[in-house]
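Understanding the architecture of this molecule
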Amino acid sequence: MLTKKRYSVKDIVMWSRWETLIYFFYAGFITVLYRVFDFTFLNVPWTPVALIGTAVAFMVGFQNNSAYGRIWEARKIWGAIVNSSRTWGMKVQDMVSNPIGKVIVPESEIQAHKKTLIYRHIAWLTALRYAMRQRKSWETQHTAKTNQEWSRMIHIPERVSDLEDNLMLYLSPEEEAYVLSKSNKQTAILYLQSKHIKELKDKGLIWEFAFLELENVLEELFTHQGKSERIKNFPYPRQYASLALYLTRLFALLLPFGIIPEFAEIGATMVDDFWHIGKNFIWLGIPFCAAVSWAFHIMERMARVGENPFEGTSNDVPISTIARGIEIDLRQMLDESLEDIPQQFPEEHDVQM
């Protein structure tokens, strides 16, 4: 997530420079054929070009609305995860207290249970964010060259270290081996949580009501996890994405054939002076054509990048930062020393991961 006020002009230019150069030289090539080699048959009536542009505007606008909706829904899901995580920490702290007293246990054992439940929740957050960072074939960070350049500039925590190295900080060796043996590791961790609080109920370390309350929080976490997985695993429908891309490229392909003759016609009506502005007015069609093509292309590309809010670009939901913030809160609730609590992931190039 970008944290500065806006992208600079330099950022946008560098991000789209290759396509801009292609549009500029393509428009120049058509202009040279028309003006220098007198290929005046390269003339397409403006009306069909404008109609295609209208269709592109509708398709790309719909795609941008859908992409924004996916980003905003993802942010709301992870905001709900923050709230449910704090609720989990609060209820664990207050409800695991040996109220029934069937078996007298020392306070140190009760504190150990609390720490295990909270650390296991941090392991769930860790497994979930790693699952959200897994690469999908429809994602864009590993396709476009400029996206690859950006990914090399920033360090996504889930690409820097392995899941196994992180889980060992929060789970016992037996639990870590169990979780790593499952394909859906975050689900396996929630099953361990449910099993643990049932054992606490059977021992009398929590009330029946407390058991139900904690199970309700686990149910909430399952719901948040499922919503997050739905966005990750189901892309913006490919038929709409493909049509928007092809229509944008078709419009950029036809645009010079409509704009260049228009500028030539305008130049023909002008009175030539010493600089022969009338005859050379056609060359102004090149930057105008490139600018219009760039505008449609950049809108389509913004929508394409924004469809996947978890892959780790500067426009995505900062799930690594959110998860680490939850971990800091929960471990402070355990009264751990500041030296033992990890620091928040640093921003790189004004981007939170």
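A short tour of the structure in this document, coming up.

Conventions we followed
Residues numbered from 1 in each chain as written. Predicted model: local features only at pLDDT ≥ 70, side-chain atom pairs only at ≥ 80, totals over all residues. Heavy atoms only, no water. Axes fitted to C-alpha atoms, helices over the stretch in contact; angles between N-to-C directions. Helix = DSSP H or I, 4+ residues; strand = E, 2+ residues; numbered from the N terminus. Parallel < 35°, antiparallel > 145°, perpendicular 65-115°, else oblique. Left-handed = near helix turned anticlockwise from the far one by under 90°. Contact = heavy atoms within 4.5 Å. Buried < 20%, exposed > 50% of the residue type's maximum accessible area, 1.4 Å probe, protein only. Core = buried A, V, L, I, M, F, W, Y, C linked by side-chain atoms within 4.5 Å.

1. Quick notes on the packing of helix 8 (residues 173–180) against helix 9 (residues 185–203)
It is at 8 Å that the axes of helix 8 and helix 9 come closest, and there the two elements cross at 135°. By the angle between their axes, helix 8 is oblique relative to helix 9. Both helix 8 and helix 9 take part in a crossing whose hand is right-handed. On the side of helix 8, the interface is formed by Glu-175, Tyr-178, Val-179 and Leu-180, while helix 9 contributes Lys-185, Ala-188, Ile-189 and Leu-192.

2. Quick notes on the environment of Asn-166
Here Asn-166 is to be found in helix 7 (residues 163–167). Under the relative-accessibility criterion, Asn-166 is labelled buried at 10%. Each C-alpha atom of the pair Asn-166 and Ala-123 lies 7.9 Å from the other, and the pair is 43 residues apart in sequence. Excluding residues that lie within four positions of it along the chain, Asn-166 makes contacts with Thr-126, Arg-129, Tyr-130 and Ser-161.

3. Focus: the nonpolar core
Core analysis: the largest hydrophobic core is formed by 51 residues, its most contacted members being Trp-78, Ile-81, Trp-88, Trp-124, Ile-197, Ile-206 and Phe-310. Mapped by element, the contributors of at least two residues to this core are helix 3 (46–95), helix 4 (107–132), helix 7, helix 9, helix 10 (208–233) and helix 14 (319–333). Looking at this core element by element, the count peaks at 13 residues for helix 4. Ranked by size, the runner-up nonpolar core spans 16 residues in total, among them Ile-52, Met-59, Phe-263 and Cys-289.

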